[in-house]
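# Observations on the three-dimensional arrangement
Residue strings, one per chain:
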Amino acid sequence: MDREWFEGRVIGLLDELLGAALRLAKNRHDAEDLVAETVTKAWANRRSLKDAERFRPWIFRILTNAFLSECRKRAARPTADVAVDDAGETDASFSLFEELHQPFLLWWSNPEKEFLNKLLREDLERAVDALPETFRTVVVLAELEGLAYGEIAGILGVPVGTVRSRLARARGQLQKALWVHAQEAGLTRPARKPVEVSHEASEDDRV
Amino acid sequence: MKPVKTIGCDEALKHLLEYLDQELGAAKHREVEHHIEVCRSCFSRTEFEQRLKNRLRDAGRESSGESFEERIKTLLRRF
Ligand SMILES: [Zn+2]
């Protein structure tokens, strides 16, 4: 591997590497150190990259592993989040859309779209940061960096089926966190129920 | 080509995120795609999920800034 080629690829991916590192490490200082460590390790192990086309998943694998081994060192818990695959079962079915969607509103009103327009990047970052480490990792790799499930399975050393189920649960939790936050921040209008007028009673009820 | 199997909303929604991730097999992908084309409610849901995905994708990029880029370039020059 040519040093200049390597430099070009690293600089080209720097914003993405830093973006992933920031959501994993949750602070800018540790994120920058993580990227620097990743670049150093990647160069040292450059011969393990068999196919230059695979540079992106390859360097994200190095970044993720560097992060996870740092976590294990710090927390001194060799099997972090071991129970997580059993957790969040119910969250997998949570749908932000269904919470927001109000089919009885007039057709030009679009609360889902309005919600996304009001949602700040900061809101999304906070929701990702709140996920447990195992779910956060899979969301960072799949959603933020757009890696394929097979690539993520290779990075994490788990079967593709595990990636699918973790991602489903992580997304449910993420959407739930966004929903809770949105309500607290007043991003959603109070659910407007259709005025229920019973035709029989309406005459008597009129004030 | 075989005609696309018709699926219902539940089946389409179950596979929607994997559909958007391009992670479904060709036959299932076509089934979901076809359902979204003919179902207004699932179409809206798909639009929403895609927009949310786009927002998350944006959050995956953090401006490195000159000083950090310089730090990495200095590091690279030592290789
Ligand atoms: Zn439908």
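Residues numbered from 1 in each chain as written. Chains lettered and ligands numbered in written order. Predicted model: local features only at pLDDT ≥ 70, side-chain atom pairs only at ≥ 80, totals over all residues. Heavy atoms only, no water.

### Brief notes about the overall build of chain B
Along chain B, the regular secondary structure elements total 5 helices and 0 strands. When its helices and strands are written in sequence order, chain B yields α-α-α-α-α. Relative to the 2.2 N^0.38 estimate, which gives 12 Å for 79 residues, the radius of gyration of chain B is 20 Å and therefore markedly larger than a compact globule would have. Considering chain B as a whole, with its 79 residues, one finds that 41% of them fall into the buried category. Long-range contacts, defined as pairs at least 24 residues apart, comprise 56% of the intrachain contacts of chain B with a sequence gap of at least 6. Surface accessibility of chain B: about 4800 Å² in total, with carbon and sulfur atoms responsible for 49%. Between the mean site of the 16 positive side-chain charges and the mean site of the 15 negative ones, chain B shows a separation of 2 Å. (Helix = DSSP H or I, 4+ residues; strand = E, 2+ residues; numbered from the N terminus. Rg over C-alpha atoms; globule rule 2.2 N^0.38 Å. Buried < 20%, exposed > 50% of the residue type's maximum accessible area, 1.4 Å probe, protein only. Contact = heavy atoms within 4.5 Å. Areas by Shrake-Rupley, 256 points an atom, 1.4 Å probe, with all protein chains shown as cover. Lys, Arg positive; Asp, Glu negative; His and termini not counted. Charge placed at Lys NZ, Arg CZ, Asp CG, Glu CD.)

### What to know about the overall build of chain A
The number of helices and strands found in chain A is 10 helices and 0 strands. Listed N to C, the secondary structure of chain A is α-α-α-α-α-α-α-α-α-α in terms of helices and strands. Residue burial in chain A is summarised as follows: out of 207 residues, 48% are buried. Taking the intrachain contacts of chain A between residues at least 6 apart in sequence as the baseline, contacts between residues at least 24 apart amount to 73%. Here chain A displays about 10800 Å² of accessible surface, and carbon together with sulfur accounts for 52% of that area.

### Topic: the packing of aromatic side chains
In the structure shown here, the tally under the stated rule is 7 aromatic pairs over all chains. Their ring planes at 65° and their centres at 6.4 Å tell us that Phe6(A) and Phe79(B) sit as a pair that is edge-to-face. Here the residue Phe6(A) occupies a position in helix α1 (residues 3-25), and Phe79(B) occupies one in the segment after α5 (65-77), the pair thus bridging two chains. Among the residues examined, Phe6(A) registers a relative accessible area of 0% and is labelled buried. Taken together, the ring pairs connect Trp5(A), Phe6(A), Trp43(A), Phe55(A), Trp58(A) and Phe79(B) into an aromatic cluster. Across from the ring centre of Trp43(A), 3.9 Å away, lies the NZ or CZ of Arg46(A), which sits over that ring. (Phe/Tyr/Trp six-rings, centres within 6.5 Å; stacked < 30°, edge-to-face > 60°. Lys NZ or Arg CZ within 6 Å of the ring centre and 35° of its normal.)

### Some details on the pattern of salt bridges
On inspection of all chains with the given rule, the structure shows 32 salt bridges over all chains. Close ionic contact of Glu143(A) with Arg171(A) constitutes a salt bridge, the shortest N to O distance being 2.7 Å. Placement of the pair is Glu143(A) in helix α7 (residues 133-144) and Arg171(A) in helix α9 (residues 160-184), with a sequence separation of 28 residues. With respect to burial, Glu143(A) and Arg171(A) carry one shared label: buried. A salt bridge links Lys73(B) to Glu69(B), with the nearest nitrogen and oxygen atoms 3.0 Å apart. Of this pair, Lys73(B) and Glu69(B) are both found in helix α5, 4 residues apart, which corresponds to roughly one turn of the helix. Taken together, the salt bridges that share partners define one network made up of Arg23(A), Arg28(A), Glu32(A), Asp33(A), Arg121(A), Glu125(A), Asp129(A), Glu62(B) and Arg71(B). (Salt bridge = Lys/Arg side-chain N within 4 Å of Asp/Glu carboxyl O.)

### Some details on the interface of chain A and chain B
Opposite the 49 residues of chain A that make contact, chain B presents 31 residues. Buried area between chain A and chain B, both sides added, is near 3800 Å², and the carbon and sulfur share of it is 59%. Summed over the three residues of chain A that lose the most area to chain B, namely Phe97(A), Leu116(A) and Arg121(A), the buried surface amounts to 16% of that side. Run the count over chain A and chain B and you get 9 salt bridges. Two residues, Arg61(B) and Glu16(A), come together in a salt bridge whose shortest N-O distance is 3.4 Å. Here chain A is connected to chain B by 24 residue pairs in polar contact (both at pLDDT 80 or more). Those elements giving two or more residues to the side of chain A that touches chain B turn out to be α1, α2 (28-44), α4 (96-100), α5 (111-118), α6 (121-129), α7 and α9 of chain A. At 12 residues, α1(A) tops the list of elements feeding residues into the side of chain A that touches chain B. (Buried area = accessible area lost by both parts, 1.4 Å probe. Polar contact = N/O pair within 3.5 Å; in protein donor to acceptor, adjacent residues only side chain to side chain.)

### Re α5(B)
Here α5(B) is 13 residues long and its end C-alpha atoms lie 18 Å apart, about the 18 Å a rise of 1.5 Å per residue gives. Those residues of α5(B) not exposed but buried are Phe68(B), Ile72(B), Leu75(B) and Leu76(B). In an axial view of α5(B), the angular spread of the buried residues amounts to 100°, which keeps them on one side of the axis. Opposite the buried face of α5(B), by more than 90 degrees, sit the exposed residues Glu66(B) and Ser67(B). Each element contacted by the buried residues of α5(B) is listed here: α1 and α2 of chain A. (Expected span 1.5 Å × (residues − 1). Arc of directions from axis to C-beta.)

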